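So you can see what is in the structure, the chains are spelled out below.
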Amino acid sequence: MTWVGMLIALAGALGYAFGAALQQYEVVAEGASLRLVKRPRWWVGGIISFTGACLHAVALSFAPLVAVQPISVATLVFAVPLAAFMYGRKPYRAEILGSIAVAVGLLWLMLLVPSHNVTPRLSDGAALGFVAVIAVVTLATQVLASRVHGASKALLLSVGAGAVTASVSTFVRVVGGGMEGDWGRLLHWFTLAVPVLLICAVVLLQRSYAVGYFGIAYAGVQVIDPITSVMAGAILLGEPLPTSPSTAVPALMAGALTIAGTITLGRLAPDHHAKPATPALAPAPAPVAVERTVTVQPPPVDATATSRPSTATSDLG
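Quick caveat, the model's predicted, so the values are computed rather than measured.

A. Structural detail: the overall build of the protein chain. For the protein chain, the count of helices and strands is 11 helices and 0 strands. Expressed as a percentage of the 317 residues in the protein chain, the buried residues total 42%.

B. Fine view of the confidence of the model for the protein chain. Here the protein chain averages 76 in pLDDT, while 76% of its residues score no lower than 70. The secondary structure element of the protein chain with the lowest average pLDDT is helix H11 (residues 303-307), at 49, and the one with the highest is helix H6 (residues 124-145), at 92. The low-confidence segment residues 276-280 (pLDDT under 50) makes 0 contacts with residues lying over four places distant or belonging to another chain. Segment residues 309-317 is flagged for pLDDT under 50; beyond a separation of four residues in sequence, or across chains, it makes 0 contacts in the model.

C. Looking closely at the packing of helix H1 (residues 2-30) against helix H8 (residues 189-210). Packing of H1 against H8 leaves a shortest axis separation of 9 Å and a crossing angle of 60 degrees. Here H8 runs oblique to H1, going by the angle between their axes. Both H1 and H8 take part in a crossing whose hand is right-handed. Contact residues: Tyr16, Ala20, Gln23, Gln24, Val27 and Val28 in H1; Leu205, Gln206, Tyr209 and Ala210 in H8.

D. Main features of H8. The end-to-end C-alpha distance of H8, which contains 22 residues, comes to 32 Å, matching closely the 32 Å that a straight helix rising 1.5 Å per residue would cover. Listed in full, the buried residues belonging to H8 are Phe190, Ala193, Val194, Leu197, Ala201, Leu204, Leu205, Gln206, Ser208 and Tyr209. Gly212 sits one or two positions beyond H8 and adopts a positive phi of about 105 degrees.

E. Focus on a nonpolar patch on the surface. Nonpolar side chains collect at one region of the surface, where Ile96, Ile100, Val104, Trp108, Val249, Met253 and Leu257 lie side by side and expose about 560 Å² of accessible area between them. Of all the secondary-structure elements, those providing two or more residues to the nonpolar patch are helix H5 (93-111) and helix H10 (248-266). Here the nonpolar patch gets 4 residues from one element, more than from any other, and that element is H5. For Trp108, the position within the fold is in helix H5.

F. Looking closely at the side chain of Gln142. As for its position among the elements, Gln142 is in helix H6. Classification of Gln142 by relative accessible area gives buried; the value is 15%. Apart from the residues within four sequence positions on either side, Gln142 is in contact with Leu157, Leu204 and Arg207.

G. Structural detail: the packing of aromatic side chains. Following the criterion strictly, the structure yields 6 aromatic pairs and no others. Judged by centre distance (5.5 Å) and plane angle (50 degrees), the rings of Tyr209 and Phe214 are tilted. Phe214 matches Tyr209 in its accessibility class, with the two residues each being buried. Taking the centre distance of 5.4 Å and the plane angle of 35 degrees together, the rings of Phe214 and Tyr218 count as tilted.

H. Up close: the side chain of Ser99. Mapping Ser99 onto the fold places it in helix H5. Each residue touching Ser99, except ones within four places of it in the same chain, is listed here: Leu76, Val77, Val80 and Leu265.

I. Just the pattern of salt bridges, in detail. This model, assessed by the stated rule, comprises 2 salt bridges. For Arg39, the salt bridge goes to Glu26, with nearest N and O atoms at 2.5 Å. Here the residue Arg39 occupies a position in the loop between H1 and helix H2 (40-62), and Glu26 occupies one in helix H1, the gap between them amounting to 13 residues. A salt bridge links Glu26 to Arg41, with the nearest nitrogen and oxygen atoms 2.8 Å apart. Placement of Glu26 in helix H1 and of Arg41 in helix H2 is noted, with a sequence separation of 15 residues between them. Ionic contacts of the salt-bridge type, sharing partners, join the residues Glu26, Arg39 and Arg41 into one network.

J. Region of interest: the nonpolar core. Counting 59 residues, the largest nonpolar core has Leu122, Phe171, Phe190, Tyr209, Phe214 and Tyr218 as the members making the most contacts within it. With 11 residues, helix H7 (residues 151-177) is the single largest residue contributor to this core. Here Phe190 is in contact with Leu122, Ser123, Asp124, Ala127, Phe171, Val174 and Val175, once residues within four sequence places are set aside.

K. Highlighting the packing of H1 against helix H9 (residues 214-235). In contact at an axis separation of 12 Å, H1 and H9 are set at 140 degrees when each is read in the N-to-C sense. In terms of orientation, H1 and H9 fall into the oblique class. Of the two elements, H1 crosses H9, and the hand of that crossing is right-handed. Counted together, Tyr16, Ala17, Ala20, Ala21 and Gln24 of H1 and Phe214, Tyr218 and Gln222 of H9 form the full contact between these two elements.

L. Up close: the environment of Val168. Position of Val168 among the secondary structure elements: in helix H7. Sequence-wise, Val168 and Ile199 are 31 residues apart; in three dimensions their C-alpha atoms are separated by 9.9 Å. The residues contacting Val168, other than those within four sequence positions of it, are Val194, Leu197 and Leu198.

Procedures and definitions
- Residues numbered from 1 in each chain as written.
- Predicted model: local features only at pLDDT ≥ 70, side-chain atom pairs only at ≥ 80, totals over all residues.
- Heavy atoms only, no water.
- Helix = DSSP H or I, 4+ residues; strand = E, 2+ residues; numbered from the N terminus.
- Buried < 20%, exposed > 50% of the residue type's maximum accessible area, 1.4 Å probe, protein only.
- pLDDT = per-residue confidence, 0-100.
- Contact = heavy atoms within 4.5 Å.
- Axes fitted to C-alpha atoms, helices over the stretch in contact; angles between N-to-C directions.
- Parallel < 35°, antiparallel > 145°, perpendicular 65-115°, else oblique.
- Left-handed = near helix turned anticlockwise from the far one by under 90°.
- Expected span 1.5 Å × (residues − 1).
- Patch = residues over 30% accessible without salt bridge, like charges linked within 9 Å, V, L, I, M, F, W, Y side chains within 5 Å.
- Areas by Shrake-Rupley, 256 points an atom, 1.4 Å probe, with all protein chains shown as cover.
- Salt bridge = Lys/Arg side-chain N within 4 Å of Asp/Glu carboxyl O.
- Phe/Tyr/Trp six-rings, centres within 6.5 Å; stacked < 30°, edge-to-face > 60°.
- Core = buried A, V, L, I, M, F, W, Y, C linked by side-chain atoms within 4.5 Å.

Right, here's the structure in full:
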């Protein structure tokens with residue numbers, strides 16, 4: 001049944017990647033605000049992402065976290081080019097190389113984790129402690145993100161979003177994998193925690209997308225989500241981690257590759273919607289030279305001087 005879960009997870013991950021690209025395009029235009037509810041494309045992206053998340057949840061009912069989570073990482077290679085096409089441009093070479101590096105590095109890291117399907121069990125105290133840790137991480141990333149800008153802001157916000165998304169995966173794994181045909185086990189506060197955490201994850205995702213650095217935001221979520229999920233599966237659910245010394249060097253290499261790809265994506269410029277070109281102002285009309293004709297009039301003539309009789313007399317001696 002593990003292979004069935006992995007195939008379902010792949011279908012869900014591809015849908016999630018496409019939906020994320022659609023939503024990020026709208027969030028950059030409107031910002032992470034309630035105005036998004038008036039954007040039909042944002043709703044379409046949300047529905048596609050939700051469908052992918054549901055398939056991911058179904059996959060966790062068939063396969064353990066360590067088998068399902070790495071599959072979602074591969075979608076980074078598809079999500080980043082999709083986002084580029086949304087803006088009417090070709091993906092940058094750095095986007096492709098960075099996405100491949102993150103996907104390969106993290107997939108390699110996840111494959112080092114031994115797959116062993118155990119029935120998940122989680123006590124109420126452990127669950128509350130887990131939620132508290134996730135809340136502290138999320139709050140810390142939000143505070144730090146408010147003090148930085150650019151790619152660092154997008155990365156910090158995506159870390160918080162990835163941690164909350166991992167908590168959703170963990171609770172879904174506990175609820176779905178622990179049913180064992182008993183539907184009565186759904187009547188638990190774990191089931192109610194899933195939609196609440198999911199809403200928080202969606203809000204945090206939109207905030208990370210709004211910064212404009214889709215590559216680093218999506219990569220941050222895809223890195224933090226599986227790593228946190230695998231750690232939660234090992235610490236809380238008893239799922240195994242690699243213990244052989246021979247895996248240490250490959251794990252370090254995979255981690256270095258993932259970090260290098262993340263840094264590459266973080267150096268890219270943010271995406272913005274093209275602003276309508278400002279129409280060029282018409283040149284001001286040239287001043288028209290007005291030819292003025294100056295008429296020079298002769299000085300006025302004194303009429304009395306012309307009409308006065310001459311008084312000059314000749315002296316005849």
